[in-house]
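The lines below spell out each chain.
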Amino acid sequence: MMIIKVIGHLDRKYIEKTVSKTIRLIKTPRNLHIYFLENVNLCYSLKLPRNILNRFKNVCRNKISFSFKYKEREMIIIYMDKVLAKNEESLIGLLLHEISHINQINKGVYSRVFEDFEKVREKNHNLFLKLKYDKKDLEWLFNDISTIAVLTLKDIYANNELIKNKLTRYLIAYYKIELERKTCPRPDFFGNLKEAAKYDLDLVRLIFEFELSLISVILPLYKTKKAKELIRYISKCYEVNITAVSKKCHELIILYFKDFRKKSFNEEFFNAVFKKVYDVLK
């Protein structure tokens, strides 16, 4: 039986009505627990079994809505801000996205993602260590890029499944709100990235994290007519000052449409991401 918990001063009727509409649109795990929190700090106050508490709190630190599964326990944490509290389609889109993540876990999709990552890990790790930077900094960067690449691929699979099931309008509603609330930031991260990296490898991580987060939205939606406006918005507002990396990451679009259905896609994707970072630093 699904359990909905509303924590804080939130409109419970609105939330229950939105959840009811959502679960009619997508196959939903029977024992799913959904927590709606008024603010991010309430994440740490949830009473959970001790054997999952530390891992759960680590995810809370990211301060974004997320899905979480540990053994038979399936949970979704939604941070309700003023926009989600008023925009039903956007909230449905977020719920669909997180439920899709749970469904991909249950289908074994993410297990294959991790297995495929391990197949290419050592080769790319050795490639990174050949770069002329501090070895500890390179280890740290490699681990962070690894995490970002895995999360990007998981988002691609979750979003692709929703689009395949004709739930695009809700996904677009959610991402439109997410992107537009930042009021077209046009990030000015760097002039010469290779030169800047000599002083701060964290800048490289930040830029690729930014670009790959956009890629996870762009790839599944790229050929969707309803998303054309959103894609144009991303191109105009979010890639103005990061052209060099942006061009490199757009090569991932070609890879996606050429090989997404192939068994080799995950490995190709990881290799491509690591090569993009390596090419910037070599």
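In case you missed it, the structure is sitting above this.
The model shown is predicted, which means the values in this text are computed figures rather than measured ones. (Residues numbered from 1 in each chain as written. Predicted model: local features only at pLDDT ≥ 70, side-chain atom pairs only at ≥ 80, totals over all residues. Heavy atoms only, no water.)

Draft legend 1. Quick look at the overall build of the protein chain. Scanning the protein chain from N- to C-terminus turns up 11 helices and 4 strands. Counting only residues that meet the buried cut, the protein chain has 50% of its 282 residues in that class. For the protein chain, contacts bridging at least 24 residues in sequence account for 73% of all contacts bridging at least 6. Within the structure as shown, the protein chain displays about 15,000 Å² of accessible surface, and the carbon and sulfur contribution to it stands at 51%. (Helix = DSSP H or I, 4+ residues; strand = E, 2+ residues; numbered from the N terminus. Buried < 20%, exposed > 50% of the residue type's maximum accessible area, 1.4 Å probe, protein only. Contact = heavy atoms within 4.5 Å. Areas by Shrake-Rupley, 256 points an atom, 1.4 Å probe, with all protein chains shown as cover.)

Draft legend 2. Spatial organisation of helix H6 (residues 168-180). Taking 1.5 Å per residue as the helical rise, H6 with its 13 residues ought to reach 18 Å, and the 18 Å between its terminal C-alpha atoms agrees with that figure. Those residues of H6 not exposed but buried are Thr168, Tyr170, Leu171, Ile172, Ala173, Tyr174, Tyr175, Ile177 and Leu179. (Expected span 1.5 Å × (residues − 1).)

Draft legend 3. Seen up close, the side chain of Ser216. Within the secondary structure layout, Ser216 lies in helix H8 (residues 201-221). Residue Ser216 is classed as buried on the basis of its relative accessible area of 3%. Polar side-chain contacts of Ser216 include one of 2.7 Å to the backbone oxygen of Ser213. With residues up to four places along the chain from it excluded, the contact list for Ser216 reads Thr152, Asp155, Ile156 and Asn159. (Polar contact = N/O pair within 3.5 Å; in protein donor to acceptor, adjacent residues only side chain to side chain.)

Draft legend 4. Here's a closer look at unusual backbone geometry. The residue Lys63 is not glycine, and still its phi comes out positive at about 60°. Position of Lys63 among the secondary structure elements: in the loop between helix H2 (50-60) and strand S3 (66-70). Its identity as a non-glycine residue notwithstanding, Lys166 has a phi of 60°, on the positive side. Here Lys166 shows up in the loop between helix H5 (135-164) and H6.

Draft legend 5. Local environment of the pattern of salt bridges. Inspection of every chain in the model, using the stated rule, returns 17 salt bridges. For the salt bridge of Lys119 with Glu267, the shortest nitrogen-to-oxygen distance reads 3.8 Å. Highlighted residues: Lys119 in helix H4 (residues 109-129) and Glu267 in helix H11 (residues 265-281), separated in sequence by 148 residues. In this structure, the salt-bridge partner of Asp279 is Lys282, at a minimum N-O distance of 3.6 Å. Here the residues in one salt-bridge network are Asp144, Asp202, Arg205 and Glu209, joined through shared partners. (Salt bridge = Lys/Arg side-chain N within 4 Å of Asp/Glu carboxyl O.)

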